[in-house]
Amino acid sequence: MTATLIDGKAFAARVRAKVADHVTRLREEHGLIPGLAVVLVGEDPASQVYVRSKGKQTVETGMASFEHKLDADTSEAELLALIAKLNADTKIHGILVQLPLPSHLNSDLVINAIDPAKDVDGFHISNVGLLGTGQKSMVPCTPLGCLMMLRDHHGSLSGMNAVVVGRSNIVGKPMAQLLLGESCTVTIAHSRTRDLAEVCRRADILVTAVGRPEMIPGDWVKPGATVIDVGINRVEGEGGKTRLVGDVQFDSCAAVAGAITPVPGGVGPMTIACLLANTVTACCRANGLAEPEGLTA
Ligand code: GUN
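Summary of the structure given here. (Residues numbered from 1 in each chain as written. Predicted model: local features only at pLDDT ≥ 70, side-chain atom pairs only at ≥ 80, totals over all residues. Heavy atoms only, no water.)

Glancing now at the overall build of the chain. Counting secondary structure elements, the chain contains 10 helices and 11 strands. On C-alpha atoms alone, the chain measures out to a radius of gyration of 19 Å, which is about the 19 Å that the 2.2 N^0.38 rule sets for 297 residues. Along the three orthogonal principal directions, the C-alpha set of the chain runs to about 50 × 40 × 40 Å. Counting all 297 residues of the chain, 48% fall into the buried class. Summed over all atoms, the accessible surface of the chain reaches about 13600 Å², with 51% contributed by carbon and sulfur. Side chains of the chain give 27 positive and 31 negative charges; the mean places of these two sets differ by 2 Å. (Helix = DSSP H or I, 4+ residues; strand = E, 2+ residues; numbered from the N terminus. Rg over C-alpha atoms; globule rule 2.2 N^0.38 Å. Buried < 20%, exposed > 50% of the residue type's maximum accessible area, 1.4 Å probe, protein only. Areas by Shrake-Rupley, 256 points an atom, 1.4 Å probe, with all protein chains shown as cover. Lys, Arg positive; Asp, Glu negative; His and termini not counted. Charge placed at Lys NZ, Arg CZ, Asp CG, Glu CD.)

What follows is the structure in structure tokens.
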């Protein structure tokens, strides 16, 4: 391997330490405790694991965690009533509704019912519009984490060719907006892109968020490029055990790239760290206080 390993696990620990420092300052100097409400509807096992992790890390950084677990058959009216209550609650600075929601609930309607100032996921249409027009917004956690690691590794990203593979609202599109904001030349590629290999080979920065295990081989990577692998795919390993792999073939890509994030231990740990960062940011904005440095886009 020739590439520098970008250690997301260590980076996330530094972000959490910064969050915890800022939380201490908010408490000691202003008597404020940032609060994060997480809403889980139904019993999706993966979502339950995420929600537990979010709650634990929220408390570990000194913030208040409010968990709302609702039955899978909760009606839209009941969920909207809970969101209205959380919007009005001054102890709560961030609200996250865990996705996916059960199919009888309209996710867009639910997300857009959250007060945009408390939308720590950055999924509300107002935040999407603010980000797209280069205005101050709440920024989706996973792309924010990728941006933090890229800035840390490169300093300026200005003029670089960035290729984002994947066009989801959660990762691909906001990632492209953030890279455009850094003055990169940005291409969004997806499942219908012609000659994807050739497009990827032009990238100085290659961000992959497609959810297809190891689909990108080393010969799609420009020598010296930085590869940020957002994919977390569970595959069958040796002896019937499962293991996690990214969207890129790690060994062959690491042999060509200048820097690369591993899976696990790359982008994954940054997502919750950025959720905590967004909660502190939301608390500061709600109270007219200076935002923590280095924790926003
Ligand atoms: N489900 C998978 N990723 C996410 C995320 O970033 N936010 C929310 N709310 N749900 C998710």
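All told, the structure shown has zero disulfides when counted by the stated rule. Not part of a disulfide, Cys141 finds its nearest cysteine sulfur in Cys274, a span of 6.4 Å. Judged by its relative accessible area of 5%, Cys141 falls in the buried class. (Disulfide = S-S within 2.5 Å.)

Close contacts around the ligand come from Leu96, Val97, Gln98, Leu99, Asp121 and Phe123, and that covers them all. Gln98 is positioned such that a nitrogen or oxygen atom in its side chain is 3.3 Å from a nitrogen atom of the ligand. Between a nitrogen atom of the ligand and a side-chain N or O atom of Asp121, the distance comes to 2.6 Å. Its free accessible area being 280 Å², the ligand has 79% of it covered by the protein chains. Cavity membership is defined here by more than half of the atoms lying within 2 Å of grid points; on that basis the ligand lies in the largest pocket. Broken down by class, the residue content of the shell around the ligand amounts to four nonpolar, one polar and one charged. (Near = heavy atom within 4 Å. Polar contact = N/O pair within 3.5 Å; in protein donor to acceptor, adjacent residues only side chain to side chain. 1 Å grid on protein atoms, 1.4 Å probe; cavity = no way out; pocket = protein on both sides within 12 Å on 5 of 7 lines; lining within 4 Å. Sits in = over half its atoms within 2 Å of the grid points. Nonpolar A, V, L, I, M, F, W, Y, C, P; charged D, E, K, R; others polar.)

Before going further, it helps to examine the pattern of salt bridges. Two side chains that carry opposite charge are able to pair once their charged atoms sit near each other. According to the stated counting rule, one finds eight salt bridges in the structure shown. The salt bridge involving Arg201 is made with Glu198; its shortest N-O contact spans 2.8 Å. Of the two residues, Arg201 and Glu198 are both situated in helix H8 (residues 196-201); the distance of three residues between them amounts to about one turn of the helix. You can call Glu198 partly exposed: its relative accessible area is 38%. If you follow the salt bridges from partner to partner, you end up with Lys136, Arg285 and Glu291 in one network. (Salt bridge = Lys/Arg side-chain N within 4 Å of Asp/Glu carboxyl O.)

Turning to helix H6 (residues 141-154), a few remarks are in order. Each α-helix winds once per 3.6 residues, and so residues spaced three or four apart point in a common direction. Compared with the 20 Å implied by 1.5 Å per residue over 14 residues, the 20 Å span of H6 between its first and last C-alpha is a close match. When you tally the buried positions in H6, you get 10 out of 14 residues, the bulk of the element. Listed in full, the buried residues belonging to H6 are Cys141, Thr142, Pro143, Leu144, Gly145, Cys146, Leu147, Met148, Met149 and Leu150. Those residues of H6 that are buried lie in contact with helix H1 (8-30), helix H7 (172-181), strand E7 (205-208), strand E8 (226-229) and helix H10 (268-286). Positive backbone phi, at 75°, marks Gly155, one or two positions downstream of H6. (Expected span 1.5 Å × (residues − 1). Contact = heavy atoms within 4.5 Å.)

Before going further, it helps to spend a moment on a negative patch on the surface. Taken together, Glu43, Asp71, Asp73 and Glu78 make up a surface patch of like negative charges. Mapped onto the secondary structure, Glu78 falls in helix H3 (residues 76-88). (Patch = residues over 30% accessible without salt bridge, like charges linked within 9 Å, V, L, I, M, F, W, Y side chains within 5 Å.)

Let's shift gears to the nonpolar core. The tendency in soluble globular proteins is for nonpolar side chains to be buried side by side. Counting residues in hydrophobic clusters, the biggest one holds 54 residues, and the most contacted among them are Val15, Val19 and Leu179. Of all the secondary-structure elements, those providing two or more residues to this core are H1, strand E2 (35-41), H6, strand E5 (161-165), H7, E7 and H10. Sort the elements by how many residues they give to this core and H10 lands first, with 11 residues. Filtering out sequence-adjacent residues up to four positions away, Val15 remains in contact with Met148, Met270, Ala273, Ala277 and Leu295. (Core = buried A, V, L, I, M, F, W, Y, C linked by side-chain atoms within 4.5 Å.)

Moving on to the packing of H1 against H6. For the pair H1 and H6, the least separation of the axes is 11 Å and the interaxial angle reads 100°. When the interaxial angle is binned, H1 and H6 end up roughly perpendicular. Each of Gly8, Phe11, Arg14 and Val15 in H1 lies in contact with H6, whose residues at this interface are Met148, Met149 and Asp152. Split into classes, the residues belonging to the contact of H1 with H6 amount to four nonpolar, one polar and two charged. (Axes fitted to C-alpha atoms, helices over the stretch in contact; angles between N-to-C directions. Parallel < 35°, antiparallel > 145°, perpendicular 65-115°, else oblique.)

Once that is clear, we can look at the sheet that holds E2. Across the sheet, which stays open at both edges, the three strands sit in the order E3-E2-E4 with parallel pairing between neighbours. Taken across any chain shown, the strands that pair with only one partner, and hence form the sheet edges, are strand E3 (64-70) and strand E4 (94-97). Within the sheet, the average angular offset between the axes of one strand and its neighbour, ignoring direction, is 15°. Here E2 pairs with E4 via four bridges, running parallel. Within E4, the residue paired with Val38 across the bridge is Leu96. Along the sheet, H3 makes contact with E2, E3 and E4, crossing E2 at roughly 175°. (Pairing = 2+ DSSP bridges.)

Worth remembering: the numbers are spatial, not functional.
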